[in-house]
Amino acid sequence: MAELRPSGAPGPTAPPAPGPTAPPAFASLFPPGLHAIYGECRRLYPDQPNPLQVTAIVKYWLGGPDPLDYVSMYRNVGSPSANIPEHWHYISFGLSDLYGDNRVHEFTGTDGPSGFGFELTFRLKRETGESAPPTWPAELMQGLARYVFQSENTFCSGDHVSWHSPLDNSESRIQHMLLTEDPQMQPVQTPFGVVTFLQIVGVCTEELHSAQQWNGQGILELLRTVPIAGGPWLITDMRRGETIFEIDPHLQERVDKGIETDGSNLSGVSAKCAWDDLSRPPEDDEDSRSICIGTQPRRLSGKDTEQIRETLRRGLEINSKPVLPPINPQRQNGLAHDRAPSRKDSLESDSSTAIIPHELIRTRQLESVHLKFNQESGALIPLCLRGRLLHGRHFTYKSITGDMAITFVSTGVEGAFATEEHPYAAHGPWLQRPPSCELPSRPVCSPSCVHSFLVISQRGNFCSWQLTIPRGNLILLTEEFVEKMLEDLEDLTSPEEFKLPKEYSWPEKKLKVSILPDVVFDSPLH
């Protein structure tokens, strides 16, 4: 719960900043981390020393539900000559360490990041005659902050958030988000570390899909070229009724060329998925929760193994509890608002999955495999094949209904268990699937791949998990077979014409893929 009030931030004539010579009262009111960010705000808005502010009534560190202590709201006049309209500028306080006394964030020194290392910003186009900023963006920022605190995953520029609902609960087409560096806010060195500022950018569904298929930075650059879709400062206009591809159809050609040249930076999603081993009796379900697919009788390289393990570890947590509630209060009913554990607590907490030494997990060969996806996750299979595997990269589906992961891996990320003689091998609930592709000259994955796991397959919710052991099975695919799969799965790209259930089968490869209704994955069997 929050209230709207003037911030009371110290202005140009305010008493000195907290420090050795500052009066104790001001040191208490304006802790050093908070004061440092206020300083950057005052640099941009010297004429607005006391902006309107949404503040958490009960602070997070006192057991309140909202991680952000404050969200300040400034009026930015823009620059008409540069196609930058007047807008409201929202700035969060709380993802970084404001206090330095371990009440929220563990203090780790001044050289590294402060808290999570960033604060969120948002720029909303000001409507004609609007005298005060809308407060719904503060609720949006609180939702993203809850995800960060509860999952311990941080955001990076180029990340995208699948929200599946108008950001302001209207009928707007702006229903998802990209993240980028704020064009005006400069990194701040606080007494507790460095703080950068990541700006939320509202986008349409078609723009989100293009970011998934290509990369977020590419779509952000296109948005900057279209004034009514964001312009140079990427200002969100909730009344925008057209996508950038409807405004300028030539932009789709740039995206298609980018996908062909660069592939996709999306390295995984949380999804409704499952698999069956068709080569064993149904009642024998030991180790039958996932698959890994490989091409060579070689072990994963150290770099690739660590990258996948880190992706799974940082991107996700074992439970699938929704931690990012939608803004609509009616849709938040029943969600717990208990304070999230600290980073230290989360590393020490008990897990429902026992940690088993990797060498004790039995590996076995499979003859035939059946992969199952819901419609939303199945629609990403072409992206996985074309945008990732054919570019020598990996892609992971992590089940939100169980501790199972399916990772598709190219030969650029060498397989560990499958061979040409035994193309299917099971090794616990981690699934990899590398087709035979040329090893690219560029790195297998960009640094943003880990953060690309922030794309979520459930409406309005983030789901996160942690896979404690690298287990799974492997399936060998040739590049020619990948091309055939892309041809056969072409109708997955037209969901409006899709009827469930849908099955695809390649008997010669002993592989089957089914696209099933969501309700199937809600069954305890999955």
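Before going into details, it helps to say that this report is about the structure given with it.

Conventions and cut-offs
- Residues numbered from 1 in each chain as written.
- Predicted model: local features only at pLDDT ≥ 70, side-chain atom pairs only at ≥ 80, totals over all residues.
- Heavy atoms only, no water.
- Buried < 20%, exposed > 50% of the residue type's maximum accessible area, 1.4 Å probe, protein only.
- Helix = DSSP H or I, 4+ residues; strand = E, 2+ residues; numbered from the N terminus.
- Patch = residues over 30% accessible without salt bridge, like charges linked within 9 Å, V, L, I, M, F, W, Y side chains within 5 Å.
- Areas by Shrake-Rupley, 256 points an atom, 1.4 Å probe, with all protein chains shown as cover.
- Salt bridge = Lys/Arg side-chain N within 4 Å of Asp/Glu carboxyl O.
- Core = buried A, V, L, I, M, F, W, Y, C linked by side-chain atoms within 4.5 Å.
- Contact = heavy atoms within 4.5 Å.
- Lys, Arg positive; Asp, Glu negative; His and termini not counted.
- Pairing = 2+ DSSP bridges.

**Describing helix α11 (residues 381-388)**
Along an α-helix, a turn takes 3.6 residues, which lines up residues three or four apart on a common side. Most of α11 sits inside the fold, with 7 of its 8 residues counted as buried. Taken residue by residue, α11 has I381, P382, L383, C384, L385, G387 and R388 as its buried positions.

**Looking at a nonpolar patch on the surface**
A grouping of I57, V58 and L62 is seen on the molecular surface, where their side chains present a nonpolar patch of about 270 Å² in accessible area. Looking at where V58 falls in the secondary structure, it is placed in the loop between β2 (52-56) and β3 (70-76).

**Re the nonpolar core**
In this structure, F373, I381, Y397 and F408 are the most contacted members of the largest nonpolar core, which totals 36 residues. Setting aside its immediate chain neighbours within four residues, F373 contacts K272, C273, G378, I381, Y397, I406, F408, V513, S514, I515, L516 and F521. Among the nonpolar cores identified, the runner-up in size contains 34 residues, and F116, F118, L167 and M238 belong to it.

**Concerning the side chain of D69**
Relative to the elements of secondary structure, D69 occurs in the loop between β2 and β3. The buried charged residue D69 lacks any salt bridge, with K59 as its nearest oppositely charged partner at 5.6 Å. Residues contacting D69, with those up to four places away along its chain left out, are V54, T55, A56, K59, Y60, W61, F93, G94, L98 and Y99.

**Details of the pairing of strand β7 (residues 176-181)**
Counting buried residues in β7 gives 5 out of 6 residues, a clear majority hidden from the surface. Here 3 bridges tie strand β6 (residues 160-162) to β7, and the two strands are oriented antiparallel to one another. From the neighbouring strand, S162 faces β7, where its bridge partner is H176. Pairing analysis gives 6 bridges linking β7 to strand β9 (residues 193-203), with the strands arranged antiparallel. Looking at the pairing, E181 lines up with L198 of β9.

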